[in-house]
Amino acid sequence: ITIALSALEGLLSFLEQEDVKIAEMTVQCLATSDMVLTPSHRKLGVVLVDLGAGLTDIVVYHGAQLQHMACLPVGTRNLALDLVMGLNISLMEAECLVRELGCDFSPENIAKFREGWESDTDGQCLSLEQYTEIFMARAEEIWHLVRSQIAKVGGSANLQAGVRLVGGGVLIPGFKDLGSRILG
């Protein structure tokens, strides 16, 4: 069961009144790391990045010890919201752009997307240059913020197991590759 921190106090109070005992509570990013990372990942040194819609969680382990964790107040939904504002399109159209085009600007993907976009929007023209400028500014910002969190524990030199990605952002075309380039 997960719960927003703002609602936790009320829930704990209610459960206490009903004599319900809580066996264990943990921060979501640590629970995710327990599900995804092996003991060898933690021992070698690893970064777990959870690319969520509203937040990006980062957990860094080295020598089987938690070294750092952070929760960035930016996620993949910000990519769509930026497109809504910058391209004057609906949220549904922006989410479609993020999901289908992402930052995969290969000729095949662009051609495939343009066909679908024009048939779905009565031929409305999409400026690929504007899209790229808006999308890439936020996408690069997210990865630079992740890199700055990794730098707080000495960078990636001691992280032999590399970076492990989870969350919906992993499905955005080209987003992992962009992260790979920025994180090195």
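Structure's up top.
In this text, all values refer to a predicted model and were calculated from it rather than measured experimentally.

Just checking my understanding: could you explain the overall build of the protein for this structure?
Across its full length, the protein holds eight helices and four strands. When the helices and strands of the protein are read in sequence order from the N terminus, they spell out α-α-α-β-β-β-α-α-α-α-β-α. Each of the three principal axes of the protein carries a C-alpha extent, and together these read 60 × 45 × 20 Å. Within the protein, buried positions represent 40% of all 184 residues. Taking contacts inside the protein between residues at least 6 apart in sequence as the whole, the part at least 24 apart equals 57%. Surface exposure of the protein reaches about 10800 Å², of which carbon and sulfur atoms provide 54%. One way to put it: in the protein the 13 positive side-chain charges average out to a point 9 Å from where the 23 negative ones average out.

So what exactly am I meant to see when it comes to the pairing of strand S2 (residues 56-62) here?
Within a regular strand, side chains alternate between the sheet's two faces. Most of S2 is tucked away: six of the seven residues are buried. The hairpin formed by strand S1 (residues 46-51) and S2 contains four residues between the paired strands. Where S2 meets strand S3 (residues 65-72), seven bridges bridge the pair, whose relative direction is antiparallel. Looking at S3, one finds that Val-60 is bridged to His-68.

Would you mind going over the sheet that holds S1 with me for this structure?
Adjacent strands of a sheet pair through backbone hydrogen bonds, lying either parallel or antiparallel. Ordered in space as S3-S2-S1-S4, the four strands form an open sheet in which the pairing is mixed. Both outer strands of the open sheet, S3 and strand S4 (163-166), are each paired with one neighbouring strand and no more. Here the average twist between neighbouring strands, direction ignored, is 15°. Packing against the sheet, helix H2 (residues 28-36) makes contact with S1, S2, S3 and S4, and its axis sits at approximately 115° to S1.

Honestly, the nonpolar core in this entry has me stumped. Any pointers?
Considering soluble globular proteins, one finds that nonpolar side chains tend to be buried as a cluster. If you look at the biggest cluster of nonpolar residues, it comprises 37 residues, and the most contacted ones within it are Leu-83, Phe-135, Trp-143 and Phe-175. Broken down by secondary-structure element, the contributors of at least two residues to this core are S1, S2, helix H4 (76-87), helix H5 (91-100), helix H6 (107-120), helix H7 (128-151) and helix H8 (175-183). The biggest single contributor to this core is H7, with 10 residues. Each residue touching Leu-83, except ones within four places of it in the same chain, is listed here: Asn-88, Ile-89, Ala-94, Leu-97, Val-98, Tyr-131, Ile-134 and Phe-135. Formed by nine residues, the second largest nonpolar core is a distinct cluster that contains Cys-29, Leu-37, Val-59 and Ala-161.

Hey, could you run me through a nonpolar patch on the surface in this one?
A cluster of nonpolar side chains, contributed by Ile-3, Leu-11 and Phe-14, occupies part of the molecular surface with about 250 Å² of accessible area. By the element assignment, Phe-14 lies in helix H1 (residues 5-17).

Can you help me understand the side chain of Thr-76 in this one?
The residue Thr-76 is located in helix H4 in this model. Non-local contacts of Thr-76, meaning those with residues more than four positions away in its chain, are made with Leu-51, Gly-52, Ala-53, Gly-169 and Ile-172.

Please explain the side chain of Arg-42 as it appears in this structure.
Relative to the helices and strands, Arg-42 is located in helix H3 (residues 39-44). Look at Arg-42 and you get buried, because its relative accessible area is 13%. Within the structure, Arg-42 has its side chain in polar contact with the backbone oxygen of Leu-37 (distance 3.3 Å). In this structure, Arg-42 is in contact with Ser-33, Asp-34, Leu-37, Tyr-61, His-62, Gly-63 and Ala-64, ignoring residues within four places of it in sequence.

The rules behind these values
Residues numbered from 1 in each chain as written. Predicted model: local features only at pLDDT ≥ 70, side-chain atom pairs only at ≥ 80, totals over all residues. Heavy atoms only, no water. Helix = DSSP H or I, 4+ residues; strand = E, 2+ residues; numbered from the N terminus. Buried < 20%, exposed > 50% of the residue type's maximum accessible area, 1.4 Å probe, protein only. Contact = heavy atoms within 4.5 Å. Areas by Shrake-Rupley, 256 points an atom, 1.4 Å probe, with all protein chains shown as cover. Lys, Arg positive; Asp, Glu negative; His and termini not counted. Charge placed at Lys NZ, Arg CZ, Asp CG, Glu CD. Pairing = 2+ DSSP bridges. Axes fitted to C-alpha atoms, helices over the stretch in contact; angles between N-to-C directions. Core = buried A, V, L, I, M, F, W, Y, C linked by side-chain atoms within 4.5 Å. Patch = residues over 30% accessible without salt bridge, like charges linked within 9 Å, V, L, I, M, F, W, Y side chains within 5 Å. Salt bridge = Lys/Arg side-chain N within 4 Å of Asp/Glu carboxyl O. Polar contact = N/O pair within 3.5 Å; in protein donor to acceptor, adjacent residues only side chain to side chain.

So far we have only geometry, and geometry alone does not tell us how the molecule works.
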